[in-house]
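Chain residues, written in single-letter form:
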Amino acid sequence: MDPGTTQDAARITPAEIAALRRALEIAADPAVPLGPNPRVGCVLLAADGTILAEGHHRGAGTAHAEADALARARELPGAPAALRGATAVVTLEPCDHTGRTGPCTQALLEAGIARVVVARRDPNPQAAGGIDRLRAAGVEVVGDVPAELAATAAALNRGWEHGLVHARPLVTAKTALTLDGRAAADDGTSRWITGPAAREEVHRLRTTCDAVLVGTGTARSDHPTLTARRPDGTLHPRQPLRVVMGTSEAPDLPAVDGAGEALHLPTRDPSAALATLFDRGIRHVLLEGGPTLAAAFLRAGLVDELIVHLAPTLLGAGRPGVADLGITTLAQRLDLELVDVASLPTPGGARDLRLTLRPRTTPTPA
């Protein structure tokens with residue numbers, strides 16, 4: 001509910017709530033590339049609450065969502081009159097600056113839009129100010145949207161927002177472990193610790209990230225494709241950049257039709273790897289390497305989120321999930337905040353757990 005202020009006297013209507021759900025849906029279109037631009041959706045409503053048009057941003061250099069929706073609305077019979085007094089429902093605050101395209105605020109004002117519903121303020125200081133500009137021009141702006149939809153709007157561009165604040169990609173580390181913390185058996189075998197439901201979730205997770213990153217050791221031992229696949233083996237529409245980092249020799253990633261580009265980063269420095277990826281427009285990295293790579297990023301303080309798929313099984317020996325963190329005493333431990341726990345049942349099989357954790361920003365009391 002970030003856009004909401006004391007000026008938000010008006011309430012969002014049921015038609016606007018439905019339009020916002022639709023705007024969030026089209027903003028998340030899997031055909032739209034991830035990267036340095038936010039994903040945004042816009043739905044235009046007539047005075048009676050019916051949909052006039054909808055639009056969404058399709059990446060750098062393309063029309064913004066508001067401009068896309070307005071252009072589609074102008075193709076309708078009697079469009080100019082219909083737009084006068086209409087409502088624009090947008091997932092992100094309309095921009096108020098000129099870049100590759102003009103300000104969305106100006107486009108909305110010129111069209112005669114009388115009311116704008118905004119799910120989330122724009123955190124980019126270069127583009128922010130749209131709400132204030134619209135209100136100053138007499139447009140009614142509603143920012144008090146249902147918490148569920150506000151959370152969806154925030155999650156839609158969390159990698160992009162993280163990049164604005166930290167000037168590096170958001171890093172999600174993923175690992176599959178046994179109850180005793182093993183990522184592989186003593187002979188190196190690790191397929192499969194978790195069940196099909198957990199593995200399917202990993203492939204969906206890959207579709208939400210700009211890049212999947214492993215180390216040269218994983219590339220040598222597992223020969224991963226690093227693609228995002230459906231249970232039937234076909235590829236999802238959105239595929240991540242496939243990245244291997246490290247200075248040792250590693251085979252090329254397998255060639256797969258429709259897979260994302262493959263990239264080798266000849267460095268063992270997590271900061272250097274993330275800087276290179278950020279310069280390429282990558283804003284969310286999924287870390288899927290082994291315990292050595294995970295430990296390197298954890299030691300550097302560069303893991304923002306940890307997803308653990310925990311299987312109800314024991315090995316007793318084998319490769320740990322995380323290599324040496326340089327911790328020699330309990331007081332130095334790396335504490336994590338448990339954000340979410342979910343069950344991942346497989347019909348006729350085991351029930352795995354998904355733990356979502358984040359590094360604690362404040363130390364645990366002694």
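Residues numbered from 1 in each chain as written. Predicted model: local features only at pLDDT ≥ 70, side-chain atom pairs only at ≥ 80, totals over all residues. Heavy atoms only, no water.

**Student:** Teacher, can you tell me more about the sheet that holds strand S1 (residues 41-45) here?
**Tutor:** Paired through their backbone hydrogen bonds, the strands of a sheet run either parallel or antiparallel. The sheet built from five strands is open, its strands ordered S2-S1-S3-S4-S5 with mixed pairing. Every interior strand has two partners, whereas the edge strands, strand S2 (51-56) and strand S5 (140-142), have only one. Pairs of neighbouring strands in the sheet enclose a mean axial angle of 15 degrees, with direction left out of account. Sheet topology note: the S1/S2 ladder contains five bridges and is antiparallel. Each residue of the ladder has a partner; that of Leu 45, found in S2, is Ile 51. (Pairing = 2+ DSSP bridges. Helix = DSSP H or I, 4+ residues; strand = E, 2+ residues; numbered from the N terminus. Axes fitted to C-alpha atoms, helices over the stretch in contact; angles between N-to-C directions.)

**Student:** Please explain the sheet that holds strand S6 (residues 170-178) as it appears in this structure.
**Tutor:** Within the open sheet, the eight strands sit side by side as S10-S9-S8-S11-S6-S12-S15-S14. Their pairing is mixed. Whereas interior strands pair on both sides, the edge strands pair on one side only; in this sheet they are strand S10 (262-265) and strand S14 (336-345). Ignoring strand direction, the axes of neighbouring strands in this sheet form an average angle of 25 degrees. Where strand S8 (residues 211-215) lies against strand S11 (residues 284-287), three bridges are found, and the strand directions are parallel. The residue bridging Val 212 from the neighbouring strand is Leu 286, located in S11.

**Student:** Can you help me understand the side chain of Thr 172 in this one?
**Tutor:** Residue placement: Thr 172 occurs in strand S6. Separated by 2.8 Å, the side chains of Thr 172 and Glu 305 make a polar contact. Apart from the residues within four sequence positions on either side, Thr 172 is in contact with Arg 158, His 284, Val 285, Leu 286, Leu 287, Glu 305 and Ile 307. (Polar contact = N/O pair within 3.5 Å; in protein donor to acceptor, adjacent residues only side chain to side chain. Contact = heavy atoms within 4.5 Å.)

**Student:** In this structure, what is going on with the environment of Asp 29? I would like to understand it.
**Tutor:** For Asp 29, the position within the fold is in the loop between helix H1 (14-27) and S1. In this structure, the C-alpha to C-alpha distance between Asp 29 and Ala 67, residues 38 residues apart in sequence, is 17 Å. Discounting chain neighbours no more than four positions away, the residues touching Asp 29 are His 56 and Arg 238. At 3.4 Å, the side chain of Asp 29 forms a polar contact with the side chain of His 56.

**Student:** How should helix H6 (residues 147-156) be read in this particular structure?
**Tutor:** An α-helical turn contains 3.6 residues, so a residue and the one three or four places further along point in the same direction. The set of residues buried in H6 consists of Leu 149, Ala 150, Ala 153, Ala 154 and Leu 156. The buried residues of H6 all sit within an arc of 160 degrees when viewed along its axis, so they share a single face. Considering only its buried residues, H6 is in contact with H1 and helix H7 (158-166). (Buried < 20%, exposed > 50% of the residue type's maximum accessible area, 1.4 Å probe, protein only. Arc of directions from axis to C-beta.)

**Student:** Whenever I open this one, the environment of Leu 156 confuses me. Can you help?
**Tutor:** Along the polypeptide, Leu 156 turns up in helix H6. Using a relative accessible area of 11% as the deciding quantity, one classes Leu 156 as buried. Taking the C-alpha atoms as reference, Leu 156 lies 19 Å from Leu 287; in sequence the two are 131 residues apart. Once residues within four sequence positions are removed from consideration, Leu 156 is found in contact with Leu 24, Ala 27, Ala 28 and Arg 39.

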